[in-house]
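Chain by chain, the residues:
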Amino acid sequence: MRRADLRAVADTRRRLRDQLRLWGVPALADTAELLATEIVTNALQHTGGGAVLTATLSPGPAKRLRVEVHDSLGRRPPRRPPGGVRPADDATSGRGLLLVEALADTWGIQASGAGKTVWFELGSAAA
């Protein structure tokens, strides 16, 4: 997906939902779509480049979904300290990573070549 291609975010959600259905974990779709939308949109809006989303499901009975978004900007988004400043009630942005933090079982940011990867995981028990 390219920066100017924010319309691709809807296609990404649809593809992720379809893949989760194929993997037999459709109950993860709503949360996975929401969180993927947040981190893909952040990558497209704030990096000046494109983004690549990958999703993997661990094997076995305790399945874990991992969604990663790779971008081309090495600068990490700032983490808010616990109890840190929250967006104003009428703000139109600034809640994406708060949603990821609140809804994902685990998440993180790691350097990856010239860019970074923002990822989250959901367990099938969270469905």
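We now turn to the structure provided with this report.

This part is about the sheet that holds strand S3 (residues 106–112). Strand order in the open sheet formed by 4 strands is S1-S2-S4-S3, with antiparallel pairing between adjacent strands. The strands lining the two open edges of the sheet, one partner per strand, are strand S1 (51–57) and S3. When the angles between neighbouring strand axes are averaged without regard to direction, this sheet yields 20 degrees. Relative to strand S4 (residues 115–123), S3 runs antiparallel, the two being bridged by 7 bridges. Pairing of Trp107 across the sheet is with Phe120, part of S4. Across the sheet, helix H2 (residues 29–46) is in contact with S1, strand S2 (64–71) and S4; its angle to S4 comes to roughly 170 degrees.

Here Thr117 is to be found in strand S4. Sequence-distant contacts of Thr117, that is, excluding residues within four places in its chain, are made with Glu68, Val69, His70, Gly108, Ile109, Gln110 and Ser112.

Below, the discussion takes up H2. Given a rise of 1.5 Å per residue, 18 residues ought to cover 26 Å, and the 25 Å separating the end C-alpha atoms of H2 matches this to within 8%. Three or more residues of H2 are buried, namely Ala29, Ala32, Glu33, Leu35, Ala36, Thr37, Ile39, Val40, Thr41, Ala43 and Leu44. Those residues of H2 hidden inside the fold are in contact with helix H1 (8–22), S1, S2, helix H3 (96–103) and S4.

About the criteria used
- Residues numbered from 1 in each chain as written.
- Predicted model: local features only at pLDDT ≥ 70, side-chain atom pairs only at ≥ 80, totals over all residues.
- Heavy atoms only, no water.
- Pairing = 2+ DSSP bridges.
- Helix = DSSP H or I, 4+ residues; strand = E, 2+ residues; numbered from the N terminus.
- Axes fitted to C-alpha atoms, helices over the stretch in contact; angles between N-to-C directions.
- Contact = heavy atoms within 4.5 Å.
- Expected span 1.5 Å × (residues − 1).
- Buried < 20%, exposed > 50% of the residue type's maximum accessible area, 1.4 Å probe, protein only.

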